[in-house]
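Survey of secondary and tertiary structure
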Amino acid sequence: MKPGCNGTTMHPAILVTGGAGYVGSHTVISLLENQSEADPFDIVVVDNLSNAYRAEGQKKPEALVRIEELTGKTIYFYHADIRDAKALSNIFENHKIDSVIHFAALKAVGESVQKPLEYYQANITGTCTLFETMRKYGVYKLVYSSSCTVYGEPQSLPMNEAHPTGDLTSPYGKSKYFCEEIMKDLCLSDQSWAIISLRYFNPVGAHHSGRIGEDPMGIPNNLMPYISQVAVGRLPELQVFGNDYKTVDGTGVRDYVHVADLADGHARALKLFRQPGFNGFHAINLGTGTGYSVLQMVKAFEEASGRSVPYRVVGRRAGDVAANYADVALAARLLAWRATRDLPDMCRDTWRWQRDNPKGYQA
Ligand SMILES: NC(=O)c1ccc[n+]([C@@H]2O[C@H](COP(=O)([O-])OP(=O)(O)OC[C@H]3O[C@@H](n4cnc5c(N)ncnc54)[C@H](O)[C@@H]3O)[C@@H](O)[C@H]2O)c1
């Protein structure tokens, strides 16, 4: 163990990039809640706060402050950009990093079309800088936040990991795909690497406490936070992009997965690293395997919240597909993982967070 700066000993650490964001913060709290005394580890978060709120005068972003309150545990936080090689090296010098969960990225599909360079810089240059630093310090275990976006237009449903990837239009989707290709090449070049790329379908929901949740800056890009902001009165109505798809009611169908289930998927991926001889690149879907339409989501949310969600149907949005949902057999086989929370759970937890924090973390 490395000695800590205050004379205490440090445990092996998990570095979480983007750990102040939505999926990252839920993964951090889940790891800390499930930590056993027999197997101690430190959590180290690096985040540039480009999409996370920190109150004036606070050292840590609000999500992490609340996680520390809820768990009674300390999180090491570094306000830095993953493109900053010096800052990353400093973190690896200060902690005994054992593995990395890499969430930090820009993630708005539409914005990425307007700002491709910013997206490639943050998502690809940042990721390469992180990998260079990991290699420099001999850290080869990585869980990567990928997305079902890498599949593009579904050629068959449900989509399994053998579905072709890369035929994509948005710089965001391409950045996730390129990173996967880079990781495959890394694993081919050096057998020390063990990389699990988790392809999330549509993360929704919030921590059951109602204290941690999704806090998008500006108008939400995703359906669930949009619905919940309409329900709480922050936005006047939901725009439904197209009701003439070949789906159950004409609106788009997606595979929504509770963020707490996703968090559990990351914990299981870390466990896989302990299997003797485990290495190489592995892409794994994380979804429920069931798709719900926009109107089914609206109805479920109204039932969970007791609020009405007015909506208006407008034209289709460029790039949207009619339906996608995951084949989750590989996650069950490799990670012994399956989603355990259903749609009412997802809506109830989202609503509790939204109702108790109508302005997100800035309340
Ligand atoms: N939420 C989704 O719908 C979804 C779906 C599929 C995949 N993903 C992927 O999951 C990951 C996490 O997504 P999220 O929803 O939690 O997003 P988020 O924006 O809430 O979290 C990302 C965090 O990374 C930080 N960050 C961004 N660029 C950084 C940089 N260059 N250096 C350091 N920190 C940086 C942000 O401040 C933020 O706190 C992303 O990689 C995203 O592409 C998300």
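Everything below is about the structure printed above this text.
Below is a summary of the structure that appears in this document. (Residues numbered from 1 in each chain as written. Predicted model: local features only at pLDDT ≥ 70, side-chain atom pairs only at ≥ 80, totals over all residues. Heavy atoms only, no water.)

A separate point is the overall build of the chain. Of regular secondary structure, the chain possesses eleven helices and 13 strands. Of all 363 residues assigned to the chain, the portion counted as buried reaches 53%. Taking as baseline every contact in the chain between residues at least 6 positions apart, the subset at least 24 positions apart corresponds to 81%. When the accessible surface of the chain is summed, it comes to about 16300 Å², and 48% of that surface belongs to carbon and sulfur atoms. Measuring between centres, the 37 positive side-chain charges of the chain sit 2 Å from its 39 negative side-chain charges. (Helix = DSSP H or I, 4+ residues; strand = E, 2+ residues; numbered from the N terminus. Buried < 20%, exposed > 50% of the residue type's maximum accessible area, 1.4 Å probe, protein only. Contact = heavy atoms within 4.5 Å. Areas by Shrake-Rupley, 256 points an atom, 1.4 Å probe, with all protein chains shown as cover. Lys, Arg positive; Asp, Glu negative; His and termini not counted. Charge placed at Lys NZ, Arg CZ, Asp CG, Glu CD.)

A separate point is the site of the ligand. By nearness alone, 28 residues border the ligand, and Asp-47, Asn-51, Phe-103, Lys-107 and Tyr-172 come closest of all. Within the contact set of the ligand, a nitrogen atom lies 3.0 Å away from a backbone nitrogen or oxygen of Ile-82. In the environment of the ligand, an oxygen atom lies 2.7 Å from a nitrogen or oxygen atom belonging to the side chain of Lys-107. For the ligand, whose unbound accessible area comes to 820 Å², protein coverage reaches 96%. Those elements that place two or more of their residues in the shell around the ligand are helix H1 (22-33), strand S5 (141-147) and helix H6 (171-189). Sort the elements by how many residues they give to the shell around the ligand and S5 lands first, with three residues. Of the residues that constitute the shell around the ligand, the class distribution is 14 nonpolar, nine polar and five charged. (Near = heavy atom within 4 Å. Polar contact = N/O pair within 3.5 Å; in protein donor to acceptor, adjacent residues only side chain to side chain. Nonpolar A, V, L, I, M, F, W, Y, C, P; charged D, E, K, R; others polar.)

It is worth spelling out helix H5 (residues 116-136) at this point. Across its 21 residues, H5 extends 29 Å between first and last C-alpha, which sits within 8% of the 30 Å expected from 1.5 Å per residue. Every buried residue belonging to H5 is among Tyr-119, Ala-122, Asn-123, Ile-124, Gly-126, Thr-127, Thr-129, Leu-130, Phe-131, Thr-133 and Met-134, and all of these are buried. On its buried face, H5 sits against strand S1 (12-17), helix H3 (85-94), strand S4 (96-102), helix H4 (109-114), S5 and H6. Immediately downstream of H5, the backbone of Gly-138 shows phi near 70°, a positive value. (Expected span 1.5 Å × (residues − 1).)

Let us now look at the packing of aromatic side chains. Within the structure shown, the criterion is met by nine aromatic pairs. Centre to centre, the rings of Tyr-140 and Trp-193 are 5.1 Å apart; their planes meet at 90°, and the pair counts as edge-to-face. With a gap of 53 residues between them, Tyr-140 in the loop between H5 and S5 and Trp-193 in the loop between H6 and strand S6 (194-200) connect regions that are remote in the sequence. Between the aromatic rings of Tyr-177 and Phe-178, the centroid separation amounts to 5.8 Å while the plane-to-plane angle is 50°, which identifies the pairing as tilted. On the basis of relative accessibility, which here comes to 19%, the residue Tyr-177 falls in the buried class. Aromatic ring contacts, followed pair by pair, group Tyr-120, Tyr-177 and Phe-178 into a single cluster. Above the face of the Tyr-245 ring, Arg-316 is positioned so that its terminal group lies 4.0 Å from the ring centre. (Phe/Tyr/Trp six-rings, centres within 6.5 Å; stacked < 30°, edge-to-face > 60°. Lys NZ or Arg CZ within 6 Å of the ring centre and 35° of its normal.)

Attention now goes to the side chain of Arg-199. Locating Arg-199 in the fold gives a position in strand S6. Look at Arg-199 and you get buried, because its relative accessible area is 3%. If we ignore the near neighbours within four places in the chain, the residues touching Arg-199 are Ser-146, Ser-147, Cys-148, Val-150, Tyr-151, Glu-161, Thr-165, Glu-180, Ala-283, Ile-284, Asn-285 and Leu-286.

Since the α-helix turns once every 3.6 residues, residues separated by three or four places project in the same direction. Its 19 residues give H6 an end-to-end C-alpha distance of 26 Å, which sits within 8% of 27 Å, the value for a rise of 1.5 Å per residue. Considered for burial, the residues of H6 that qualify are Pro-171, Tyr-172, Gly-173, Ser-175, Lys-176, Tyr-177, Cys-179, Glu-180, Met-183, Leu-186 and Cys-187. In this structure, the buried residues of H6 make contact with H4, H5, S5, S6 and strand S11 (280-286).

Before going further, it helps to examine the environment of Arg-268. Tracing the backbone through its elements, the reader meets Arg-268 in helix H8 (residues 259-272). Remark: the alpha-carbon pair of Arg-268 and Leu-334, spanning 66 residues in sequence, is separated by 9.2 Å.

Attention shifts here to the pattern of salt bridges. Applying the stated rule across the entire model yields 19 salt bridges. Lys-115 is the salt-bridge partner of Glu-111, the closest N and O atoms lying 3.8 Å from each other. Residue Lys-184 pairs with Glu-181 through a salt bridge whose shortest N-O separation is 3.0 Å. On the criterion of helical spacing, the pair formed by Lys-184 and Glu-181 is a turn pair, its members being three residues apart in helix H6. Glu-181 gets classed as partly exposed once you look at its relative accessible area, which sits at 27%. (Salt bridge = Lys/Arg side-chain N within 4 Å of Asp/Glu carboxyl O.)

On their own, these measurements won't tell you what the molecule is for.
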